[in-house]
Amino acid sequence: TERLQQNVEKLVTEGQVIADDESLLSEEDIEEELGYISPLDSVDPYLAFKSALSTLQAKNPSGYQVSTTSLNMDQQVFLTEVMRMAEQKEAEVAAAGAGQV
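Nothing here was measured: the structure is a model prediction, and the numbers come from that model.

A. Expanded view of the overall build of the chain. The helix and strand inventory of the chain stands at 4 helices and 0 strands. Counting only residues that meet the buried cut, the chain has 10% of its 101 residues in that class. When the accessible surface of the chain is split by element, carbon and sulfur atoms take 58% of a total near 8,600 Å².

B. Structural detail: helix 3 (residues 61-69). Looking only at helix 3, the buried set comprises Gly63, Tyr64 and Thr68. Across the axial projection of helix 3, the buried residues extend over an arc of 120°, all falling on one side. Facing away from the buried side of helix 3 by more than 90 degrees, the exposed set consists of Ser62, Val66 and Thr69.

C. Structural detail: the pattern of salt bridges. If you walk through the whole model with that rule in mind, you get 3 salt bridges. For Glu81, the salt bridge identified is with Arg84, shortest N-O distance 2.5 Å. Placement of both Glu81 and Arg84 in helix 4 (residues 73-100) is noted, with a separation of 3 residues, approximately one turn of the helix. Exposure remark for Arg84: the relative accessible area of 41% places this residue in the partly exposed category.

D. Geometry of the packing of helix 2 (residues 45-59) against helix 3. Relative to each other, helix 2 and helix 3 sit at 125°, their axes nearing to 5 Å. Of the possible angle classes, the one that applies to helix 2 and helix 3 is oblique. Two secondary-structure elements touch here, helix 2 through Leu53, Leu56, Gln57, Ala58 and Lys59 and helix 3 through Pro61, Tyr64 and Ser67. Split by residue class, the contact of helix 2 with helix 3 holds 5 nonpolar, 2 polar and 1 charged.

E. Spotlight on the confidence of the model for the chain. Summing up the model confidence of the chain, the mean pLDDT is 81 and the portion of residues at 70 or higher is 72%. Of all helices and strands in the chain, the one with the weakest mean pLDDT is helix 1 (residues 2-34) (62), whereas helix 2 scores best (95).

F. The arrangement of helix 2 in detail. The terminal C-alpha atoms of helix 2, which comprises 15 residues, lie 21 Å apart, in line with the 21 Å expected from a rise of 1.5 Å per residue. Capping of helix 2 at its N-terminal end is provided by Asp44; its side-chain oxygen lies 2.9 Å from the backbone amide nitrogen of Tyr46.

G. A look at the side chain of Lys50. As for its placement among the helices and strands, Lys50 is situated in helix 2. Here Lys50 is in contact with Met83, Ala86, Glu87 and Glu90, once residues within four sequence places are set aside.

H. Highlighting the environment of Gln76. Locating Gln76 in the fold gives a position in helix 4. Judged by relative accessible area, which is 32%, Gln76 ranks as partly exposed.

I. Region of interest: the environment of Gln88. Tracing the chain through its elements places Gln88 in helix 4. Judged by relative accessible area, which is 41%, Gln88 ranks as partly exposed. Separated by 41 residues in the primary sequence, Gln88 and Leu47 have C-alpha atoms spaced 9.5 Å apart.

Here is what the cut-offs are and how they apply
Residues numbered from 1 in each chain as written. Predicted model: local features only at pLDDT ≥ 70, side-chain atom pairs only at ≥ 80, totals over all residues. Heavy atoms only, no water. Helix = DSSP H or I, 4+ residues; strand = E, 2+ residues; numbered from the N terminus. Buried < 20%, exposed > 50% of the residue type's maximum accessible area, 1.4 Å probe, protein only. Areas by Shrake-Rupley, 256 points an atom, 1.4 Å probe, with all protein chains shown as cover. Arc of directions from axis to C-beta. Salt bridge = Lys/Arg side-chain N within 4 Å of Asp/Glu carboxyl O. Axes fitted to C-alpha atoms, helices over the stretch in contact; angles between N-to-C directions. Parallel < 35°, antiparallel > 145°, perpendicular 65-115°, else oblique. Contact = heavy atoms within 4.5 Å. Nonpolar A, V, L, I, M, F, W, Y, C, P; charged D, E, K, R; others polar. pLDDT = per-residue confidence, 0-100. Expected span 1.5 Å × (residues − 1). Polar contact = N/O pair within 3.5 Å; in protein donor to acceptor, adjacent residues only side chain to side chain.

Following this line, the structure appears as structure tokens:
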């Protein structure tokens, strides 16, 4: 049992050293991530969702119908709000594009 106790103490000590090293690495990782630019940064989720839903409606009207009519009232309101936000974004992008031309 004494040997087991020594092994446990050794593992605890090593675990503390590893934990300390991990906390240092975590801080470095955070600093590194702040400068990271993702290819998804340029994708607007509202416009992407509206495009996907519009494509579903055009290519699979019955699937679109089933998907949207099965929503409860809160979900329908949420979907309407998301679509409104997408339309607002489209207007902003169009206005910005018209200003650049």
